[in-house]
Every structure is written in structure tokens, then in C-alpha cells.
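Reading the structure
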Amino acid sequence: MKPIKEGKVREIYDNGDSLIMVATDRISCFDVILNNVVTKKGTVLTQMSKFWFDFTKDIIPNHMISVDVKDMPEYFQNEKFDGNSMLCKKLEMLPVECIVRGYITGSGWESYKKTGEVCGIKLPEGLKESDKLPEPIYTPSTKAEIGDHDENISYEQSVEYLEKRFPGKGEEYASKLRDYTIALYKKCADYAASRGIIIADTKFEFGLDENGNIVIGDEMLTPDSSRFWPADTYEPGHGQPSFDKQFARDWLKSHEHNWTLPQDIVDKTIDKYLQAYKLLTGKDLA
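Everything numeric here is computed off the predicted structure, so don't read it as measured data.

For the rest of this paragraph, the subject is the overall build of the protein chain. Scanning the protein chain for helices and strands turns up 6 helices and 16 strands. Taken over C-alpha atoms, the radius of gyration comes to 19 Å for the protein chain, in line with the 19 Å a tight globule of 286 residues would show. Counting only C-alpha atoms and orienting by the principal axes, one finds that the protein chain spans roughly 60 × 50 × 40 Å. When each of the 286 residues of the protein chain is scored for burial, the buried share is 50%.

Spelled out as C-alpha cells, the structure:
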């Protein structure tokens with residue numbers, strides 16, 4: 001079998017009336033696939049998504065059917081796919097990345113320093129880097145192809161963007177995506193805080209099922225799609241240590257490189273992923 005689609009990290013296989021999504025051990029930073037393999041990373045992404053899909057199914061249905069390779073074709077029943085593969089419902093994906101920010105950091109902090117705004121949203125004066133925002137903010141973006149960059153858009157632009165694709169549905173879909181995104185973030189951030197992790201920001205992707213219902217798909221609250229900070233060392237006023245690939249991003253920003261991480265940075269990166277998984281789920285990754 002060959003993938004019908006390959007993303008920066010995931011490979012998607014057609015399984016008739018369903019899909020099989022495989023999270024590889026590739027790592028991407030700044031929308032570039034690095035020349036490294038991060039062993040077990042794909043398994044962390046799949047199993048952490050499973051955890052959150054189960055945790056939030058009272059808010060919105062998700063695309064997950066199974067992560068057991070016994071439920072998949074024989075081709076997937078081997079070590080290469082065991083643990084990092086998810087059998088999923090087919091969805092028509094909505095062309096907006098749904099980003100929610102609970103703390104001001106990253107590109108949001110850079111924008112705030114220049115304009116006092118993040119994606120057109122006016123924020124209080126006097127915020128410090130990594131400060132918690134009074135309320136989480138929704139800052140959608142477009143979905144870029146590999147090699148391109150996502151483009152931040154306003155909520156109003158997301159309405160227009162969706163209206164072009166789904167005439168007569170732009171406002172309805174945009175408002176539902178915003179409301180689902182904020183509700184999911186609040187529930188999961190509260191839970192993560194009880195486990196010693198701050199979710200600074202994250203992104204979700206949604207699609208339509210065969211009945212036209214909005215369903216959450218792709219991945220959910222993984223170290224690839226989120227900034228996880230240790231709560232016990234949190235201190236506003238500067239960047240925070242993290243349990244995600246920010247560790248790799250920081251190394252790339254401060255070193256001459258050819259999109260290749262040294263092995264010790266690779267080892268430290270997967271260690272961060274594994275720590276986050278254990279803290280959030282209470283289990284070691286088998």
C-alpha cells in the first residue's frame with residue numbers, strides 16, 4: 001500500500017470507507033521537514049491524540065475509530081505501524097487551522113510588541129512575554145502546502161474564506177469552529193494544569209462527516225501542535241522551557257545549520273515528548 005497523501009509528519013492511506021493515518025518519526029520546524037528521525041515521536045503523537053479524543057468526546061465527536069493495528073488491514077499489522085497508526089473516519093476537511101492562545105508567546109508576542117494586537121485582536125497594555133491572557137483568543141490561519149507558510153487571518157476573514165468554499169455556510173462554520181476551539185482549549189488546559197502542564201497555545205483541525213456534522217480530526221494537543229510549559233517553573237517576562245518541539249526550534253534559531261539537528265538535541269526532544277505524555281496521561285509509553 002502507498003499513501004494517498006503525505007504531510008510534513010503524517011502519511012494517509014485509503015482504506016475504503018475509512019482512512020489510516022500514520023504519524024511518522026519525522027520532525028518539522030518552521031514548516032521545513034528536518035533531516036532527522038526522532039524515534040517514538042510518531043507513537044507519542046498518535047497515543048496522545050487518542051487520549052485527548054477520548055477526553056473531549058462530550059464536546060465534539062472525533063474521527064478516531066481505533067489505534068489497534070488488529071483492526072487494520074494485514075499490511076499494517078507489524079512493528080512499523082504498531083502504536084503510531086490511527087484508523088479514522090473520512091472527513092471533508094475545513095480549510096482553516098483553528099489556533100487558540102491562552103498565553104502570549106511566539107509570533108503573538110512579536111506582533112503584540114509592535115502593534116499591541118495579535119491577529120487584529122487588541123490586547124491589554126503592559127503584558128509581559130509569556131503572560132496569561134485575560135481570556136483565550138481565537139486566531140485562525142490558512143492551511144499551507146508543504147514548503148509554504150500558514151497565513152494568519154482574522155475571524156472575519158475566516159468567514160469569507162469558508163464562504164468561498166461552502167456558499168451559504170461561511171458564518172455558521174466559522175462561528176462553530178471558534179466556539180469549539182475555545183471550549184476544547186478551556187477543558188483541556190484546565191485538566192493539563194492539574195497535571196503540572198500549562199498549554200500556552202495549540203491548534204485544531206476540523207472536517208465534515210458524511211452527514212455534514214463538524215468533527216475534530218487530524219491530531220489533537222500533541223507536542224507538534226501545541227506549546228506545553230512546565231507549571232512549576234512558569235515565570236512571565238521571558239520565554240519558557242517547554243515539553244514540545246520548541247526545544248528544537250530554539251536550537252535551530254541560534255545555530256548555523258542545514259536543517260539537521262545534532263543527535264543530543266534529537267534525544268532531548270523525544271525525552272520532552274515522553275515526559276509530556278507521562279505527565280498528561282499518568283502512563284509510561286509502552
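On to helix α2 (residues 106-115). By the burial criterion, the buried members of α2 are Gly108, Trp109 and Tyr112. Axial view of α2: buried residues confined to an arc of 100 degrees, hence all on one face. Where α2 terminates, the next one or two residues include Gly116, which has phi positive at roughly 75 degrees.

Here the focus is the pairing of strand β7 (residues 85-89). Across the 5 residues of β7, 4 count as buried, placing the element largely inside the fold. Pairing between strand β6 (residues 64-66) and β7: 2 bridges, direction antiparallel. Residue Met64 lies in a different strand from β7, and its bridge partner there is Cys88.

In this structure, Thr24 sits in the loop between β3 (18-23) and β4 (28-29). Only 2.6 Å separates the side chain of Thr24 from the backbone oxygen of Val9, close enough to count as a polar contact. There is a polar contact of 3.1 Å between the side chain of Thr24 and the backbone nitrogen of Arg26. Setting aside its immediate chain neighbours within four residues, Thr24 contacts Val9, Glu11, Lys41 and Gly42.

Moving on, we come to the side chain of Ser130. Secondary-structure assignment places Ser130 in the loop between β11 (121-122) and β12 (132-138). For Ser130, a relative accessible area of 0% puts it in the buried group. One polar contact links the side chain of Ser130 to the main-chain carbonyl oxygen of His238, over a distance of 2.6 Å. When near neighbours in sequence (up to four residues on either side) are disregarded, Ser130 contacts Tyr103, Ile104, Trp229, Tyr234, Pro236, His238, Gly239 and Gln240.

Turning to empty space enclosed by the protein, a few remarks are in order. Scanning the entire structure with this criterion turns up 1 cavity of 30 Å³ or more. Its volume calculated, the largest cavity comes out at about 50 Å³. Contributing to the lining of the largest cavity are Arg10, Met21, Leu45, Thr46, Ser49, Met86, Asp218 and Glu219. The leading source of residues in the lining of the largest cavity is helix α1 (residues 41-55), at 3 residues. Class assignment for the residues of the lining of the largest cavity results in 3 nonpolar, 2 polar and 3 charged.

What follows covers the sheet that holds β7. Reading across from one edge, β1-β2-β3-β7-β6 is the order of the 5 strands in this open sheet, with antiparallel pairing throughout. Every other strand in the sheet has two partners, leaving β1 (5-6) and β6 as the edge strands with one partner each. α1 rests against β2 (10-14), β3, β6 and β7 of the sheet, and its axis sits at about 40 degrees to β7.

Turning our eyes to something else, we now look at the nonpolar core. Counting 65 residues, the largest nonpolar core has Leu177, Phe204, Phe206 and Met220 as its most contacted members. At 10 residues, the largest contribution of residues to this core is made by helix α4 (residues 170-194). Not counting the four nearest positions on each side in its chain, Leu177 is found in contact with Leu94, Val96, Cys98, Tyr138, Leu162, Phe206 and Ile214.

Applying the stated criterion to the full structure yields 19 aromatic pairs. On the numbers, 5.6 Å between centres and 70 degrees between planes, the contact of Tyr103 with Trp229 is edge-to-face. Pair noted here: Tyr103 is in strand β9 (residues 96-103) and Trp229 is in strand β16 (residues 226-230), with a separation of 126 residues, a long-range link. Assessed through its relative accessible area of 10%, Tyr103 is described here as buried. Each member of the aromatic cluster is reached from another via a ring pair, and the members are Tyr13, Tyr75, Phe76 and Phe81. For the cation-ring pair, Arg178 lies above Tyr155, with the distance from its terminal atom to the ring centre recorded as 4.5 Å.

Definitions and limits used
Sequence positions are assigned chain by chain, starting from 1 and proceeding in written order. Local features in this predicted model are restricted to residues of pLDDT 70 or higher, and side-chain atom pairs are both shown and tallied only at a pLDDT of 80 or more, whereas totals for entire chains, interfaces and linings draw on every residue. Computation of side-chain values: all heavy atoms of the structure, hydrogens and water removed. Secondary structure elements follow DSSP: runs of H or I of four or more residues count as helices, runs of E of two or more count as strands, with numbering from the N terminus. What the globule rule says is 2.2 Å times the number of residues to the power 0.38, and the radius of gyration is computed from C-alpha atoms. Only protein chains enter the accessibility calculation, which uses a 1.4 Å probe; a residue whose area is less than 20% of its type maximum is buried, one above 50% is exposed, and one in between is partly exposed. The directions considered for the arc run from the helix axis to the C-beta atoms. Strand pairing is defined by DSSP finding a minimum of two bridges between the two strands. Throughout this description, a polar contact denotes any pair of N or O atoms lying within 3.5 Å of each other; where both atoms belong to protein, one of them has to be capable of donating a hydrogen while the other can accept it, and for residues adjacent in sequence the pair is counted only when both atoms sit in side chains. Pairs of residues are marked as contacts when any of their non-hydrogen atoms sit within 4.5 Å. Here the term cavity refers to a set of points on a 1 Å grid, laid over the protein atoms alone, in which a 1.4 Å probe fits but cannot get out; the term pocket refers to an open set having protein on both sides within 12 Å along at least five of seven lines, with lining residues being those that place an atom within 4 Å of a point. Grid points are joined across faces, edges and corners, and a volume is the space filled by probe spheres set on the points. Under this grouping Gly is polar, as are all residues other than the nonpolar Ala, Val, Leu, Ile, Met, Phe, Trp, Tyr, Cys and Pro and the charged Asp, Glu, Lys and Arg. Here an axis means a line fitted to C-alpha atoms, over the contact stretch when the element is a helix, while the angle between two N-to-C directions is reported on a 0 to 180 degree scale. Definition of nonpolar core: a set of buried residues of the types Ala, Val, Leu, Ile, Met, Phe, Trp, Tyr and Cys, connected through side-chain atoms within 4.5 Å. Ring geometry is summarised as follows: Phe, Tyr and Trp rings, the Trp one being its six-membered ring, pair when their centres sit within 6.5 Å, and such pairs are stacked at plane angles under 30 degrees, edge-to-face over 60 and tilted between the two. Two conditions define a charge located above a ring, namely a distance within 6 Å from the ring centre to NZ of Lys or CZ of Arg, and an angle within 35 degrees of the ring normal.

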